[in-house]
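# Coordinate analysis (summary)
What follows is each chain in one-letter form.
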Amino acid sequence: MANSTLQSAVKFSTSKVKTLTNNPLQFFIKAGLAGAYIGFAVIFAFKIGDGFAQAGSLVPSLFAGLAFSFALLTIIFGGVDLFTSNTMYLTMGVLEKKSRVKDLIKVWIATYIGNLIGVLVFTFLFVNTGLFDNIQPDHSLLTSAESKMNITISEMFFRGILCNWLVCLAVWIPMQTNNGAAKVMLIMMIVTAFFVSGYEHSIANMALFSVALSVPHPETITFIGGLTNLFFVTLGNIIGGSLFVGAAHVYINRELKEKKTNISETAKSITKKIEF
């Protein structure tokens, strides 16, 4: 199962390269939709989380995390492109020699830009609904944005690594099963783990900061603060997805393949000796 899953991931990688090369408009639409889905999930998660917090619940982040899993569910089942999961896919494609490093860089950059466009379009549409015109300074969306902008650079970076390690696992592990219900449960459990733990996701932060800066907000929420966070979190996300999931699982699967080959060759050798 593991080897077939790797082959599927590599096929996803090569298909993304082909789509960007042959039909860039389709690629950017898919990436834009992923950014918009993240935007929907951010609003949903913080509406849920803030509601439970106002009600005095002890676990608002748990319910917010479950709500945020909506993002990855729509992205995976909708077949669109998210930058953070592409860090895993393209790394696997390159290490399996089905894609080139320049293809990896092109897809990463294009996906990131596409996700950003989708986030900005969603933000424009959402702000014009007027739903957050009277948002309070202590709303969890604003307090979360402020907190993320004011952690140290090293915290941004390492939280980014751990975040995309989990997010890419939320993509990789469900690929091991063909059961739809099992896929949904695995995605929800792993995404909730990342959200509740307080790690940093570049595209989710992109949507969070975009909305926070577009509605009435405290002076502590700034464009420069958001840009700084996104830069270092993105670097962390790249390492988390490409190294700890992409490269790690390619290596593991190569080891398993080599062991199976050795066992097969040994079995054939024994069979020949018996026949002789």
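Here the structure is a predicted model, which is why all the values come from computation and not from measurement.

### With respect to the side chain of Thr 192
Position of Thr 192 relative to the elements: it lies in helix 8 (residues 180-197). Using a relative accessible area of 8% as the deciding quantity, one classes Thr 192 as buried. Contacts of Thr 192, omitting those with residues within four sequence positions, involve Leu 62, Gly 65 and Leu 66.

### Regarding the packing of aromatic side chains
This structure, assessed with the given rule, holds 14 aromatic pairs. Centre to centre, the rings of Phe 27 and Phe 28 are 6.2 Å apart; their planes meet at 85°, and the pair counts as edge-to-face. Judged by relative accessible area, Phe 27 falls into the buried class, the value being 0%. For the pair Phe 46 and Phe 195, a centre-to-centre distance of 6.1 Å together with 55° between the ring planes defines the contact as tilted. Placement of the pair is Phe 46 in helix 2 (residues 24-54) and Phe 195 in helix 8, with a sequence separation of 149 residues. Neither residue differs from the other here; Phe 46 and Phe 195 are each classed as buried. Ring-pair connections join several aromatic residues into one group, and the members of that group are Phe 40, Phe 122, Phe 126 and Phe 132.

### Regarding helix 4 (residues 83-95)
In this model helix 4 runs 18 Å from its N-terminal to its C-terminal C-alpha over 13 residues, within 8% of the 18 Å that 1.5 Å per residue would give. Within helix 4, 12 of the 13 residues are buried, leaving the element largely enclosed by the surrounding structure. Listed in full, the buried residues belonging to helix 4 are Phe 83, Thr 84, Ser 85, Asn 86, Thr 87, Met 88, Tyr 89, Leu 90, Thr 91, Met 92, Gly 93 and Val 94. A positive backbone phi angle near 60° is found at Lys 97, which sits one or two residues after helix 4.

### A short note on the nonpolar core
With 69 residues, the main nonpolar core has Ile 38, Phe 68 and Leu 141 as its most contacted residues. It is helix 2 that contributes the most residues to this core, 9 residues altogether. Every residue in contact with Leu 141, bar those within four places of it in the chain, is listed here: Val 42, Ile 43, Phe 46, Phe 132, Leu 208, Val 211 and Ala 212.

Parameters and conventions
- Residues numbered from 1 in each chain as written.
- Predicted model: local features only at pLDDT ≥ 70, side-chain atom pairs only at ≥ 80, totals over all residues.
- Heavy atoms only, no water.
- Helix = DSSP H or I, 4+ residues; strand = E, 2+ residues; numbered from the N terminus.
- Buried < 20%, exposed > 50% of the residue type's maximum accessible area, 1.4 Å probe, protein only.
- Contact = heavy atoms within 4.5 Å.
- Phe/Tyr/Trp six-rings, centres within 6.5 Å; stacked < 30°, edge-to-face > 60°.
- Expected span 1.5 Å × (residues − 1).
- Core = buried A, V, L, I, M, F, W, Y, C linked by side-chain atoms within 4.5 Å.

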